[in-house]
Amino acid sequence: MNNIVAIVGRPNVGKSTLFNRLIQRREAIVDSVSGVTRDRNYGKSEWNGKEFSVIDTGGYVRGSDDVFEGEIRKQVELAIDEADVIIFVVDVEEGITPMDDVVARLLRKVTKPVLLAVNKVDNAMREKDALEFYNLGLGDYFTFASISGSGTGDLLDALIDSFPVKPEPVQEEVVLPRFAVVGRPNAGKSSFINALIGKERFMVTDIAGTTRDAIDTKFDRFGFEFNLVDTAGIRRKAKVKEDLEFYSVMRSVRAIEHADICILIIDATRGFEGQDQSIFWLAEKNRKGVVILVNKWDLVEKDTMSTRDYEAKIREELMPFTDVPILFVSALTKQRLLKALEATVQVFENRKQRIPTSKFNEFMLKVIEAYPPPATKGKYVKIKYCMQLPTLTPQFVFFANMPQYVKEPYKRYLENKIRENWDFSGVPIDIYIREK
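Residues numbered from 1 in each chain as written. Predicted model: local features only at pLDDT ≥ 70, side-chain atom pairs only at ≥ 80, totals over all residues. Heavy atoms only, no water.

- Looking at an unreviewed UniProt entry, one finds the chain named GTPase Der and attributed to Flavobacterium psychroterrae.
- Taken from UniProt, the Function (unreviewed entry) comment for the chain reads in full: "GTPase that plays an essential role in the late steps of ribosome biogenesis."
- For the chain, the Sequence similarities (unreviewed entry) comment in UniProt is given as "Belongs to the TRAFAC class TrmE-Era-EngA-EngB-Septin-like GTPase superfamily. EngA (Der) GTPase family." (UniProt positions renumbered as here; feature names shortened; annotations may be inferred.)

In structure tokens:
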């Protein structure tokens, strides 16, 4: 399980600049997919060989200047609940403001590590100005300048040192697949899990990680065996109002990182909304398998919108990753729940399938010969060999004489051909072009 770091503070103190600086270390994961506006708020970073997830609470504040105290308070409370370490960013130019006091008051009660980071300190004069931040009562502070990056190294060293020591997970003899049920609040996640587990709760064991981790429930019925990861959304938090989009995305982060396959439940009566899309892209970006279940299908007027139209509408939103199983279910009437489980298990199988190199070359080289990469500046790209990499998720590498001339559309063509010939439904695929 990754550690989660939340960056909190009032607007315009440089939280997002710090956030961008942290995640730039791993650009491969944070390339933004079209249509993902919320992406900048969540990313992965790595320092001294330790990986962690970063959440920028500021990206979600509506209306930057006149932000209500309440809105910030909500986010800080949420960060306190979810994160392992909190970075509280303040601005040396403006000194301590009443809003900083509000945040500090909340953070002083917290038992988790809080790092006070004073931004915009880029000369000796400002180092002196920073002394006033001792008044916040949070102990020592770290000075840095997020734009130039000076001082961020010390901050990151302290960050790594303050991560809680997590117990090594006990290795089970058979590692069961992990399925996470995710979705916006009130889409029917709890009803879905109750319908699967049955009221008599077929819980053999409750393997709980640390309290804030997602809880695994072992499921063993109808010939299926797997761990259901209970997303924190199911455990209602009294403090946080459910309407915050930020809430469901942040709650899902941990569950998604912890799972092999994400079962995304959407509410048929509301359609495939922005929040559902954020969670979908979060799963895609983490390279997890995805199954979409349209719940409450029994409540929809069937004449107005047949399943075909509804499905087409969802797939349109998912472009370019449209090869995803979409099922219409009802947790209440238990309609098609077993089919949903079968689809999920199938996606899990797809995700771990390996294609023999000889077979892969035999098929793909013919495909490439029939439609080679377009020539650039009179130079022809030749691809002579390809293979699947021995990774946890499907990744394929193609060796070419001039890899820099192979553009995104051609990679997508290769991916489509792979999907046509082998079943990778519900699983994101990575295509790499390397110099031979």
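1. So, the overall build of the chain
For step 1, the next point in the chain: A count of helical and extended segments in the chain gives 13 helices and 16 strands.
For step 2, the next point in the chain: Buried positions account for 54% of the 436 residues belonging to the chain.
For step 3, the next point in the chain: Taking the intrachain contacts of the chain between residues at least 6 apart in sequence as the baseline, contacts between residues at least 24 apart amount to 72%.
For step 4, the next point in the chain: Accessible area of the chain: about 20,500 Å², with a carbon and sulfur share of 51%. (Helix = DSSP H or I, 4+ residues; strand = E, 2+ residues; numbered from the N terminus. Buried < 20%, exposed > 50% of the residue type's maximum accessible area, 1.4 Å probe, protein only. Contact = heavy atoms within 4.5 Å. Areas by Shrake-Rupley, 256 points an atom, 1.4 Å probe, with all protein chains shown as cover.)

2. Let's talk about the environment of Ile-383
For step 1, the next point in the chain: Here Ile-383 lies in strand E14 (residues 383–388).
For step 2, the next point in the chain: Among residues more than four places away in sequence, those in contact with Ile-383 are Leu-365, Ile-368, Pro-373, Phe-398, Phe-399, Ala-400 and Tyr-410.

3. Comments concerning the side chain of Ser-162
For step 1, the next point in the chain: Relative to the helices and strands, Ser-162 is located in the loop between helix H6 (152–161) and strand E7 (178–182).
For step 2, the next point in the chain: A polar contact of 2.9 Å, which involves the side chain of Ser-162, links it to the backbone oxygen of Leu-159.
For step 3, the next point in the chain: Each residue touching Ser-162, except ones within four places of it in the same chain, is listed here: Val-85, Pro-113 and Leu-115. (Polar contact = N/O pair within 3.5 Å; in protein donor to acceptor, adjacent residues only side chain to side chain.)

4. Some words on the pairing of strand E5 (residues 114–119)
For step 1, the next point in the chain: In terms of burial, E5 is largely enclosed, as six of its six residues are buried.
For step 2, the next point in the chain: Of the two faces of E5, the one lined by Val-114, Leu-116 and Val-118 and the one lined by Leu-115, Ala-117 and Asn-119 are each fully buried.
For step 3, the next point in the chain: Sheet topology note: the strand E4 (residues 85–91)/E5 ladder contains six bridges and is parallel. Bridge assignment links Phe-88 to a residue of E5, and that residue is Leu-116. (Pairing = 2+ DSSP bridges.)

5. Some details on helix H12 (residues 357–370)
For step 1, the next point in the chain: Here H12 spans 20 Å end to end across 14 residues, near enough to the 20 Å set by a 1.5 Å rise per residue.
For step 2, the next point in the chain: Listed as buried for H12 are Phe-360, Asn-361, Met-364, Val-367 and Ile-368. Buried residues of H12, viewed axially, fall in a sector of 140°; they line one side. Of the exposed residues in H12, the ones pointing more than 90 degrees away from its buried face are Ser-358, Lys-359, Glu-362, Lys-366, Glu-369 and Ala-370.
For step 3, the next point in the chain: Of the surrounding secondary structure, the elements contacted by the buried residues of H12 are E14, strand E15 (395–400) and helix H13 (408–421). (Expected span 1.5 Å × (residues − 1). Arc of directions from axis to C-beta.)

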